[in-house]
Amino acid sequence: MIQRDKEWYSQFVRDSVSRIREITGESRAIVGISGGVDSAVAAALVHKAIGGRLIPVMIDNGLLRLGEVELVVSCFAGLGINLRVVDASSRFLARLAGVADPEAKRKIIGEEFVRVFEEEAAKYQDVRFLVQGTIKSDVVESGSQAEGSEDDKPRLVKSHHNVGGLPEDIGFELLEPLRDLYKEEVRLVGEALGLPRDLIYRHPFPGPGLAVRVLGEVTREKLDILRKAQAVLDREIIEAGWYDKLWQYFCILPNVRTVGVKQGGRTYGHLIAIRAVLSTDAMQAEWARIPHDLLARIAKKITEEVPQVNRVVYDITSKPPGTIEWE
Ligand code: XMP
């Protein structure tokens, strides 16, 4: 990451505000809040520029973590930004039914997001822009910033929904004020905007949410198991003081069943995998050396508190060759 001083980020905010005002004119913009750092900072930046002409929408796609909607709504309320929550979980899950391929899942989720936005936007006059929290690593990994000769083109790693997964015929122009910044820089812009630390230093959470952590077909039942396991993991990681040491940590439900034994009886339950990594920009990541005692406690608590789970494994793969997410 390029080293820049505080003033650079304050100037970035001022420049962006005037550019966003110029670009948007009198039009309105809509933004989808995911609870992640990028969309939060993008929304706050555009809100600073155009205030009430920004329509901030949080879509509950049924793929969020336990208590996520309530948490994010109260956080934004503290910033004077009133989120509109749209419960679209049934339609997302209906469209994902029977779909196992990761890229197909991303495309469906990206498409559905835009359709829901379009429907929300139709409730207002003159919504011309869709604000996206796209950052540099999304652009590079999706290969969509390709310029120059063939050889310079970054290879498409995966179509992050906020870059390559958007349908071609979206009814908006894209506003992507963070496109040239890496994650750490986005956080510093957040600080320059006066956002609370808890929001700025939240770990990244992918746009397609738990759909890329329930491997293969996504069902309500599997999501429910994963959510419960994730809530236990969150509690244990935070209590042990590991949150700030990690770039990201999460549970994965690989849809693998194994034989186990609980209360003296044979079980045939779900496997939960845990991923925890250190990184500075998500382009590379190293698996985190969480102490064995903490891992043991996490495994014990998950198998005790989530009845469907009888086995927990820890992912010791770095990136490369693994990606951070499993799908
Ligand atoms: P990977 O798995 O590619 O992830 O190593 C790098 C970073 O990006 C996040 N990620 C996504 N974010 N839409 C997003 O908005 C996506 O489709 C997506 N896939 C991965 C991942 O959580 C990590 O922070």
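Remember, predicted model here, so these are calculated numbers, not experimental data.

## Side note on the packing of aromatic side chains
In total, this model carries six aromatic pairs according to the counting rule given. Where Trp287 meets Tyr314, the ring centres are 6.1 Å apart and the plane angle is 75°; that geometry is what we call edge-to-face. Of this pair, Trp287 sits in strand E9 (residues 286–287) while Tyr314 sits in strand E10 (residues 309–314), and the two are 27 residues apart along the sequence. Grouped by ring-pair contacts, the aromatic residues Trp8, Tyr9 and Phe12 constitute a single cluster. Its guanidinium or amino end placed over the ring of Trp8, Arg4 lies 3.8 Å from that ring's centre, counting from NZ or CZ.

## Considerations on the sheet that holds strand E2 (residues 54–60)
One open sheet holds the five strands; their spatial order is E3-E2-E1-E4-E5, and the pairing between them is parallel. Whereas interior strands pair on both sides, the edge strands pair on one side only; in this sheet they are strand E3 (84–87) and strand E5 (173–175). Taken pair by pair, the neighbouring strands of this sheet meet at an average axis angle of 35°, ignoring direction. The pairing of E2 with E3 spans four bridges and is parallel. Within the sheet, the bridge partner assigned to Val57 lies in E3 and is Arg84. With respect to the sheet, helix H2 (residues 37–50) is in contact with strand E1 (28–32), E2, strand E4 (127–131) and E5, its orientation differing from that of E2 by roughly 155°. Across the sheet, helix H3 (residues 68–77) touches E2 and E3, and the angle it forms with E2 is around 165°.

## Considering the pairing of strand E7 (residues 257–262)
The sheet contact formed by E7 and strand E8 (residues 265–278) spans six bridges and is antiparallel. Counted as the bridge partner of Lys262 is Gly265 from E8.

## Focus: the confidence of the model for the protein
Model confidence for the protein is summarised by a mean pLDDT of 90, while 91% of its residues fall at 70 or above. Every residue in residues 145–164 scores below 50 in pLDDT, and together they form 49 contacts with partners more than four places removed in sequence or on other chains.

## Things to note about the environment of Gly51
Residue placement: Gly51 occurs in the loop between H2 and E2. Of the residues examined, Gly51 reaches a relative accessible area of 19% and is grouped as buried. Linking Gly51 and Arg28, residues 23 residues apart in sequence, is a C-alpha distance of 9.7 Å.

## Some thoughts on the pattern of salt bridges
If charged atoms from side chains of opposite charge come close, those side chains can pair. For the structure on display, the rule yields 25 salt bridges. Measuring nitrogen to oxygen at the nearest pair gives 2.9 Å for the salt bridge that ties Glu119 to Arg91. Here the residue Glu119 occupies a position in helix H5 (residues 102–121), and Arg91 occupies one in helix H4 (residues 89–96), the gap between them amounting to 28 residues. Note on Glu119: relative accessible area 44%, which makes it partly exposed. Here Glu120 ties to Lys123 by a salt bridge, and the two come within 2.7 Å at their closest N and O atoms.

## Brief notes about the pairing of E2
Counting buried positions along E2 gives seven out of seven residues, so the element sits mostly inside the fold. Of the two faces of E2, the one carrying Leu54, Pro56, Met58 and Asp60 and the one carrying Ile55, Val57 and Ile59 are both buried. As paired elements, E1 and E2 share four bridges and run parallel to each other. By the bridge assignment for E2, Ala29 is matched with Leu54.

Calculation rules
- Chains are numbered independently. Their residues run from 1 in the order of the written sequence.
- Only residues with pLDDT of at least 70 are given local features in this predicted model, and only at 80 or more are side-chain atom pairs given and counted; all residues enter the totals for whole chains, interfaces and linings.
- Remark: hydrogens and water are excluded; side-chain values derive from all non-hydrogen atoms of the structure.
- Only rings of Phe, Tyr and Trp enter the pairing, Trp through its six-membered ring, and a pair is recorded when the two centres are within 6.5 Å. The plane angle decides the type: under 30 degrees is stacked, over 60 is edge-to-face, the rest tilted.
- Strands here are runs of E lasting at least two residues and helices are runs of H or I lasting at least four, both read from the DSSP assignment and numbered beginning at the N terminus.
- We count a charge as sitting over a ring when the NZ of a lysine or the CZ of an arginine lies within 6 Å of the ring centre and within 35 degrees of the ring normal.
- A strand pair is defined by DSSP finding two or more bridges across the two strands.
- Axes here refer to lines fitted to C-alpha atoms; in helices the fit is confined to the stretch in contact. Angles between the N-to-C directions go from 0 to 180 degrees.
- Contact definition: two residues touch when any of their heavy atoms are within 4.5 Å.
- Residue-level confidence of the predictor is summarised by pLDDT, bounded by 0 at the bottom and 100 at the top.
- Per-residue accessibility, obtained with a 1.4 Å probe over protein chains only, is compared with the maximum for each type, and a residue is labelled buried under 20%, exposed over 50%, and partly exposed between these values.
- Definition used for salt bridges: Asp or Glu carboxyl oxygen within 4 Å of a side-chain nitrogen of Lys or Arg.

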